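Fold and contact review
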Amino acid sequence: MTTNSAIDDDFTMIQSIINSYFTGLYQGNSSQLKAIFHPTAMLKSPGNFRSLERWLQDVETRATPESLGQPFNFKVLSIEIIHDQAMVKLECPLFDYFYIDFLGLLKEQGRWLIVNKIYTDIAQTTNVAAV
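So, here's what we can say about the structure. Keep in mind it's a predicted model, so treat the numbers as computed, not measured.

1. Focus on the environment of S78
- Among the secondary structure elements, S78 is positioned in strand 3 (residues 75–82).
- Residue S78 is classed as partly exposed on the basis of its relative accessible area, which comes to 35%.
- Note: C-alpha distance between S78 and E91 (13 residues apart in sequence) is 9.9 Å.
- Ignoring sequence-local partners within four residues, the contact set of S78 consists of M87, V88 and K89.

Next comes the structure, spelled out in structure tokens:
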């Protein structure tokens, strides 16, 4: 049986990962981002499929939202934890995009890591539905 303390600890660890994710994106800090992703993680959006290494290279070579003076408007929409897996839904406005990210996390050997990321830009669409 999982105790409330263990659930609270997992939630706190996942929140820390999300905070690192947000600041890593905002500052373009690929080292910070790499530390919270599993090395085999893949990132997928409609028409775009990248390895973690490729995505980190892209983050390193672009201008950063921080350097462009853009606001830090990232937001957690939901966190769902079931045993050793979690799904996180985020709002990630970057540049002229308004991304909705779904991050899948697994807890292995006591450590949470992002194992996959799917995302889409909703800046130009209102096609959002919940079941």
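2. Description of the environment of E66
- For E66, the location among the structural elements is in the loop between helix 3 (52–61) and strand 3.
- Those residues within four positions of E66 in sequence are excluded, and the remaining contacts are Y26 and Q27.

3. Quick look at the pairing of strand 4 (residues 85–94)
- Summarising burial for strand 4: seven of the ten residues are buried, a large majority.
- Of the strand pairs in this sheet, strand 3 and strand 4 are connected by seven bridges, and their pairing is antiparallel. Across the sheet, the residue bridging to K75 is E91, located in strand 4.
- In sequence, strand 3 turns back onto strand 4 through a hairpin of two residues, with H83 there showing a positive phi of about 55°.
- Of the strand pairs in this sheet, strand 4 and strand 5 (residues 97–108) are connected by ten bridges, and their pairing is antiparallel. Looking at the pairing, L94 lines up with Y97 of strand 5.

4. Let's talk about the packing of aromatic side chains
- A complete count under the given rule lists ten aromatic pairs for this structure.
- Ring plane angle 75° and centroid distance 5.0 Å describe the contact between Y26 and F72, whose orientation is recorded as edge-to-face. Of this pair, Y26 sits in helix 1 (residues 4–27) while F72 sits in the loop between helix 3 and strand 3, and the two are 46 residues apart along the sequence.
- Owing to a relative accessible area of 39%, F72 belongs among the partly exposed residues under this scheme.
- Geometrically, the ring pair formed by F37 and W55 is tilted, given 5.3 Å between the ring centres and 55° between the ring planes.

5. Description of the nonpolar core
- Counting residues in each nonpolar core, the largest one holds 28 residues, and the members touching the most others are Y21, F37, W55 and L105.
- Elements supplying a minimum of two residues to this core: helix 1, strand 1 (37–45), helix 3, strand 4, strand 5 and strand 6 (111–121).
- For this core, the leading source of residues is helix 1, giving seven residues.
- If near-sequence neighbours (up to four positions away) are discounted, W55 is found in contact with Y21, L25, L33, F37, L43, R50 and K117.

The rules behind each value
- Residues numbered from 1 in each chain as written.
- Predicted model: local features only at pLDDT ≥ 70, side-chain atom pairs only at ≥ 80, totals over all residues.
- Heavy atoms only, no water.
- Helix = DSSP H or I, 4+ residues; strand = E, 2+ residues; numbered from the N terminus.
- Buried < 20%, exposed > 50% of the residue type's maximum accessible area, 1.4 Å probe, protein only.
- Contact = heavy atoms within 4.5 Å.
- Pairing = 2+ DSSP bridges.
- Phe/Tyr/Trp six-rings, centres within 6.5 Å; stacked < 30°, edge-to-face > 60°.
- Core = buried A, V, L, I, M, F, W, Y, C linked by side-chain atoms within 4.5 Å.

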